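So you can see what is in the structure, the chains are spelled out below.
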Amino acid sequence: MNKTYLKLSLDLDFVLIAITASLKDYMLCHKVNTSLNFNFEKVEDHEVYFNIDEDPLPFSKYYFYVEQGEIEYYILNNRNAEGFLIPEMNKVDFFMIIHQYIDKEDLNFIINGLNKLPDIQVAAQIDPRKLKSRENLIM
């Protein structure tokens, strides 16, 4: 009898920015909205199943959509009371995920704008393919 194998590949076609900031999620979004002229709004939490027989862990999620270019922006909290969204990045507080194409100039504008905010220690682009827990970032 022949065996058929199903090979799954994750859609990691997005830009990932790691943000370290000692702020509450809503304060971070407010500061990003004011300084970078974004409009992040709270949406339903991003839920991740770490164990199949346990309830999912919720991580707060904010969303902003730009019709011109159909670009979706998300800000995800990396921490909750029970653990980390990406455990190997436990020094990171938030992730900004950008779906769709964004050119280098716009990406640099966002990263530089984030790094200029006094409450953000660092914001840097990360390659999602190098993360062990990358599947937790899939929307």
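Residues numbered from 1 in each chain as written. Predicted model: local features only at pLDDT ≥ 70, side-chain atom pairs only at ≥ 80, totals over all residues. Heavy atoms only, no water.

1. Regarding the nonpolar core
Counting 27 residues, the largest nonpolar core has Ile-17, Phe-40, Tyr-73, Met-96, Ile-98, Ile-110 and Leu-114 as the members making the most contacts within it. Every element with two or more residues in this core is listed here: strand E1 (14-21), helix H1 (25-36), strand E3 (57-66), strand E4 (71-77), strand E7 (94-99), helix H2 (104-116) and strand E8 (120-126). Residues in contact with Ile-110, not counting those within four places in the same chain, are Ile-17, Leu-36, Phe-38, Tyr-73, Met-96, Ile-98 and Ile-102. In this structure, Tyr-74, Ile-86, Phe-95 and Leu-131 belong to the second largest nonpolar core, which totals 16 residues. (Core = buried A, V, L, I, M, F, W, Y, C linked by side-chain atoms within 4.5 Å. Buried < 20%, exposed > 50% of the residue type's maximum accessible area, 1.4 Å probe, protein only. Helix = DSSP H or I, 4+ residues; strand = E, 2+ residues; numbered from the N terminus. Contact = heavy atoms within 4.5 Å.)

2. Side note on H1
For H1, spanning twelve residues, the distance from its first C-alpha to its last is 16 Å, which sits close to the expected 16 Å at 1.5 Å a residue. Buried within H1 are the following residues: Asp-25, Leu-28, Cys-29, Val-32, Asn-33 and Leu-36. For H1, the angular spread of buried residues about the axis comes to 130°, placing them on one side. Looking one or two residues past H1, Asn-37 carries a phi angle of roughly 60°, positive in sign. (Expected span 1.5 Å × (residues − 1). Arc of directions from axis to C-beta.)

3. A look at the pairing of E4
Burial analysis of E4 places six of its seven residues in the buried class, which makes it a mostly covered element. Relative to E4, E3 runs antiparallel, the two being bridged by six bridges. What sits directly across from Tyr-65, in E4, is Glu-72. Pairing geometry for E4 and E7, over six bridges, is antiparallel. Bridge pairing in E7 links Asn-77 to Phe-94. (Pairing = 2+ DSSP bridges.)

4. Concerning the environment of Tyr-73
Turning to its location among the elements, Tyr-73 is positioned in strand E4. A C-alpha to C-alpha distance of 9.7 Å links Tyr-73 and Asn-39, two positions 34 residues apart in sequence. Not counting residues up to four positions away in its chain, the partners in contact with Tyr-73 are Phe-38, Phe-40, Tyr-62, Tyr-63, Phe-64, Val-66, Met-96, Ile-97, Ile-98, Ile-102 and Ile-110.

5. Observations regarding the sheet that holds E1
With antiparallel pairing, the six strands of this open sheet are ordered in space as E2-E3-E4-E7-E1-E8. Because the sheet does not close on itself, it has two edges, and the strands there are strand E2 (41-48) and E8. On average, adjacent strands in this sheet sit at an angle of 25° to one another, irrespective of strand direction. Alignment of E2 against E3, held across six bridges, turns out to be antiparallel. (Axes fitted to C-alpha atoms, helices over the stretch in contact; angles between N-to-C directions.)

6. Notes on the pattern of salt bridges
With the rule as written, the count across this model stands at four salt bridges. Notably, a salt bridge pairs Lys-31 with Asp-119, separated by 3.0 Å at the nearest N-O pair. Here the residue Lys-31 occupies a position in helix H1, and Asp-119 occupies one in the loop between H2 and E8, the gap between them amounting to 88 residues. The salt bridge involving Asp-127 is made with Arg-129; its shortest N-O contact spans 3.5 Å. (Salt bridge = Lys/Arg side-chain N within 4 Å of Asp/Glu carboxyl O.)

7. Overview of the packing of aromatic side chains
All chains considered together, the criterion is met by six aromatic pairs. Each ring, one from Phe-38 and one from Phe-40, has its centre 5.8 Å from the other, and the planes form 50°; the classification is tilted. Summarising the aromatic geometry, the rings of Phe-40 and Phe-64 are spaced 5.9 Å apart at their centres and angled 55° between planes, so their arrangement reads as tilted. Placement of the pair is Phe-40 in the loop between H1 and E2 and Phe-64 in strand E3, with a sequence separation of 24 residues. The structure contains a cluster of three or more aromatic residues connected by ring pairs, namely Phe-38, Phe-40, Phe-64 and Tyr-73. Here Lys-42 stacks its cationic end above the ring of Tyr-62, 5.6 Å away from the centre of that ring. (Phe/Tyr/Trp six-rings, centres within 6.5 Å; stacked < 30°, edge-to-face > 60°. Lys NZ or Arg CZ within 6 Å of the ring centre and 35° of its normal.)

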